[in-house]
Amino acid sequence: MRRSRRPEAERAALPARAFAVVTWVYVAGFGSSSVPVVASLLESGQLPSFFGVFRMFGGPWSVGASPRSLLMLTTIFFVLTLTAAWAAWLVRHGSRAGAVLAFVLLPVEALFWYGLSLPVPWLLGVARFLLLVAAWRTVCARPAALRS
């Protein structure tokens, strides 16, 4: 009896799926938090407080920066995270171009994690990088029927 190769191919696609899920969790948690920051900057010209503990996105870039500059940086970060989510969708569906885009975006995202003092994305970024490396061999190598 001949063994099906489908389970092997599906197992090989796990890193791409895991990369996409971790990226989407990151975007949901940190990209979406850009929205209330932008709203606060537009309304009061100040960064909002996170339960009175610290200023959201209050990293080195916010020291001495004008509200307009912070608004621009936060908006760019939001667009960057949406682009990362799209790249993850592409990787999930077997796109090598999506994987290249994801590799290019990670260092740019890291600049924003530093500048906006976002500690948790560093951990997620390491996980995303390792999953993307693991997925690299299988991106575009999978049959089209498995790219759903």
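Please read these numbers as outputs of a predicted model, since none were measured by experiment.

Parameters and conventions
- Residues numbered from 1 in each chain as written.
- Predicted model: local features only at pLDDT ≥ 70, side-chain atom pairs only at ≥ 80, totals over all residues.
- Heavy atoms only, no water.
- Helix = DSSP H or I, 4+ residues; strand = E, 2+ residues; numbered from the N terminus.
- Buried < 20%, exposed > 50% of the residue type's maximum accessible area, 1.4 Å probe, protein only.
- Contact = heavy atoms within 4.5 Å.
- Areas by Shrake-Rupley, 256 points an atom, 1.4 Å probe, with all protein chains shown as cover.
- UniProt positions renumbered as here; feature names shortened; annotations may be inferred.
- Salt bridge = Lys/Arg side-chain N within 4 Å of Asp/Glu carboxyl O.
- Core = buried A, V, L, I, M, F, W, Y, C linked by side-chain atoms within 4.5 Å.
- Phe/Tyr/Trp six-rings, centres within 6.5 Å; stacked < 30°, edge-to-face > 60°.
- Lys NZ or Arg CZ within 6 Å of the ring centre and 35° of its normal.
- Patch = residues over 30% accessible without salt bridge, like charges linked within 9 Å, V, L, I, M, F, W, Y side chains within 5 Å.

(A) The overall build of the protein chain, seen in detail. Helix and strand counts for the protein chain stand at six helices and two strands. Across the protein chain, helices and strands are ordered from the amino to the carboxyl terminus as α-α-α-β-β-α-α-α. Residue burial in the protein chain is summarised as follows: out of 148 residues, 40% are buried. Relative to all contacts within the protein chain whose residues are 6 or more apart in sequence, the contacts with residues 24 or more apart total 68%. Summed over all atoms, the accessible surface of the protein chain reaches about 8,500 Å², with 70% contributed by carbon and sulfur.

(B) Local environment of the UniProt feature "transmembrane region" (unreviewed entry) in the protein chain. Within this numbering scheme, the UniProt entry marks residues 21-42, 70-91 and 98-116 as carrying the feature "transmembrane region" (unreviewed entry). Spanning residues 21-42, this segment combines 91% helix with 0% strand, and its end C-alpha atoms are found 31 Å apart. Segment residues 70-91 splits into 100% helix and 0% strand. End C-alpha atoms: 31 Å apart.

(C) Structural view of the pattern of salt bridges. What the rule picks out here adds up to one salt bridge. Arg128 is paired through a salt bridge with Glu109; the nearest N and O atoms lie 2.9 Å apart. Highlighted residues: Arg128 in helix H6 (residues 120-136) and Glu109 in helix H5 (residues 96-115), separated in sequence by 19 residues. Its relative accessible area of 0% is what places Glu109 among the buried residues.

(D) The nonpolar core, seen in detail. By size, the foremost hydrophobic cluster in this structure holds 32 residues, and its most contacted members are Phe57, Phe77, Val91, Trp113 and Leu118. Elements with a minimum of two residues in this core: helix H2 (14-31), helix H3 (34-44), helix H4 (67-92), H5 and H6. Considering each element in turn, this core owes the most residues, nine residues, to H4. When near neighbours in sequence (up to four residues on either side) are disregarded, Phe77 contacts Tyr26, Phe30, Gly31, Ser34, Phe57, Phe112, Trp113, Leu116 and Leu118.

(E) A look at the packing of aromatic side chains. Enumeration over the complete set of coordinates arrives at eight aromatic pairs. Residues Trp61 and Phe112 carry aromatic rings whose centres are separated by 5.1 Å and whose planes lie at 80° to one another, so their mutual orientation is edge-to-face. Here the residue Trp61 occupies a position in the loop between strand E2 (54-55) and H4, and Phe112 occupies one in helix H5, the gap between them amounting to 51 residues. Residue classification places Trp61 among the partly exposed positions, given a relative accessible area of 29%. By relative accessible area, Phe112 is classed as buried at 9%. Put simply, the rings of Tyr26, Phe30, Trp113 and Trp122 touch in pairs and so form one group of aromatic residues. Here the basic side chain of Arg96 rests over the ring of Trp136, its NZ or CZ set 4.5 Å away from the ring centre.

(F) Representation of a nonpolar patch on the surface within the structure. Together, Val21, Trp24, Val25, Trp86 and Trp89 make up a nonpolar patch on the protein surface, roughly 530 Å² of accessible area in all. Counting residues per element, the ones that place at least two in the nonpolar patch are H2 and H4. The dominant element in the nonpolar patch, judged by the number of residues it contributes, is H2, at three residues. Mapping Val21 onto the fold places it in helix H2. With relative accessibility at 46%, the residue Val21 sits in the partly exposed group.

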